[in-house]
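What follows is each chain in one-letter form.
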Amino acid sequence: MLTIEEILETIKMVQEENLDIRTITMGISLRDCSDADHRAACRKIYEKITRLAGTLVKTGEEIAREYGLPIVNKRISVTPIALIAEASAAENYLDYALSMDRAAEAVGVNFIGGFSALVHKGFTGGDVRLVESIPQALSSTERVCASVNVATSRAGINMDAIAMISGVIKETAKLTADRDSIGCAKLVVFANVPEDNPFMAGAFHGVGEPDCVINTGVSGPGVVKSAIKRAGDADMGALSETIKKMAFKITRMGELVGRTAAQRLGVPFGIVDVSLAPTPAVGDSVAEILEEMGLERCGAPGSTAALALLNDAVKKGGAMASSYVGGLSGAFIPVSEDTGMINAVIDGALTIEKLEAMTAVCSVGLDMIAIPGDTPIETIAAIIADEAAIGVFNHKTTAVRIIPAPGKKVGDWVEFGGLLGRAPVMVVNKFSAEKFVRRGGRIPAPIHSLRN
Amino acid sequence: MNHLKNTPGGNRIVITVIGPDRVGIIAAVSNILAEKSVNILDINQTIMQEFFVMVLVADMATAAVDLVSLKDLLAKRGEDLQVRIDAQHEDVFNFMHRI
């Protein structure tokens, strides 16, 4: 028996507090698309994606209307292309990216993830060719997203891979400089990457996944913020309880939409990614949640503790609401996509170092951060290594999505528009890590990886 | 607290009307539903922060339209009456508020 108050609560969450389903992502295995002839492989990739995802967008729109719940993005993730392209003799994997882009355009999705390689322990020939193809792939396509996993808690941190990808980030920034280096917004460097993440730009379809699967990502920072506001001067226990209840409600929507979409598309349902994903829209901000909890500005002392409480409560509430929780599952703290984060940077409250500390207790890492264009490759590598160390030594996912925009200095802006938003160029520590980074090799896995 | 009637079946929708109170809102909604053979199971209304709020539960089992078209019809009528009319599948509310 539903009460009128419950019905109105749901309506208010959608209409006033920006509750939405952030993404329905169809994961598609391309393992049957390998071919010695890369043109044949590209044809198979295009054919398989358009066949399986042909009705994805239409189905998503129907469900959104019937349930009265906005579904912001319909997206596709595929098997890491390095694994598929390696069978061919192609020297460069740009054609694979172009096929992905054309397929995504044909089915009407705005992003397709999986131009990826997993190199946490080392490179194969295909991995090297893929990583080297990233700058060209991201500057020649609209929809393709790339990711590279450079570390795991089991394998340690591949510093050679980090050095290589840092050069790739700089090159991608240069090749897309005319659009404020938007290519870098579509390139994520991971530690402990999840194989069922539905969120871009880091989504790909892991090798242990079925042929095709539907994963959903929920959102709703605005809903959580309003609930905290209503909770008034509640103590920490009561605050956590409030967030848990909201996370439960939000996640239930993801579960409902995901299961319905999977059923209508005739593919298995995978996971709900229980995340608080902000958007540039006013009131849809994770930073504002922390401020509502009692911080003058996000980034102030106490921010890490507040974020830890928030992240944990979101997971606890979400885990109860869904049979299968997966992906990144936690709060996201991207700078450019969150108005509260941007304001905190402008006011001098939030620095890269504080963001790094916060990533130890939330779901991702240094995300959508613009840095000066003249930042040395070795410094970018060292920033990635720090972030990977947090992930590897704490058994969690971390990631870096950083934009060294050529010609930009601290105080300038990069502007992407849409969900990617805009970011102020942040201060980077001037002291060098060059000698450390140049050592190369692999940082061994931590002792607590020996669990058997 | 007003409880809405609970009947079995998976074709139920929740129609909500929110806006300034005026003559003819219930008539307008129920006319559309009658025309399209949508059976009204329960109507509830209240005033919240000066706004008229009506929640109507209906059964689509014998309906002559699909939910998306019905939604369009109601939303359009709502514009004429200067109120917001929305229709959603009941599962949204059950999933969110019931374990």
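Residues numbered from 1 in each chain as written. Chains lettered and ligands numbered in written order. Predicted model: local features only at pLDDT ≥ 70, side-chain atom pairs only at ≥ 80, totals over all residues.

(A) Structural context of the overall build of chain A. Summing up its helical and strand segments, chain A has 15 helices and 13 strands in all. Relative to a compact globule of 452 residues, whose C-alpha radius of gyration would be 22 Å, chain A shows 21 Å and is just as compact. A principal-axis box enclosing the C-alpha atoms of chain A has dimensions of 65 × 55 × 50 Å. Buried positions account for 61% of the 452 residues belonging to chain A. Taking the contacts inside chain A whose residues are at least 6 apart along the sequence as the reference set, 79% of them involve residues at least 24 apart. (Helix = DSSP H or I, 4+ residues; strand = E, 2+ residues; numbered from the N terminus. Rg over C-alpha atoms; globule rule 2.2 N^0.38 Å. Buried ≥ 20, exposed ≤ 12 C-beta atoms within 10 Å, placed from the backbone. Contact = placed C-beta atoms within 7 Å.)

(B) Structural detail: the sheet that holds strand 1 (residues 12-19) of chain B. Residues and elements named next belong to chain B. Pairing in this open sheet of four strands is antiparallel, and the strands run 2-3-1-4 from one edge to the other. Looking at the sheet topology across the chains shown, the edges are occupied by strand 2 (39-48) and strand 4 (84-89). Here the average twist between neighbouring strands, direction ignored, is 15°. Pairing of strand 1 with strand 3 (residues 51-59), which is carried by eight bridges, proceeds in the antiparallel orientation. Across the sheet, the residue bridging to Ile 15 is Leu 56, located in strand 3. (Pairing = 2+ DSSP bridges. Axes fitted to C-alpha atoms, helices over the stretch in contact; angles between N-to-C directions.)

(C) Spatial organisation of the pairing of strand 2 (residues 71-78) of chain A. All names here are of chain A. Most of strand 2 sits out of view: seven of its eight residues are buried. Summarising the sheet, strand 1 (residues 21-28) and strand 2 pair through seven bridges and their orientation is parallel. Residue Gly 27 lies in a different strand from strand 2, and its bridge partner there is Ser 77. In terms of strand pairing, strand 2 meets strand 3 (residues 112-118) through two bridges, oriented parallel. From the neighbouring strand, Ile 76 faces strand 3, where its bridge partner is Ile 112.

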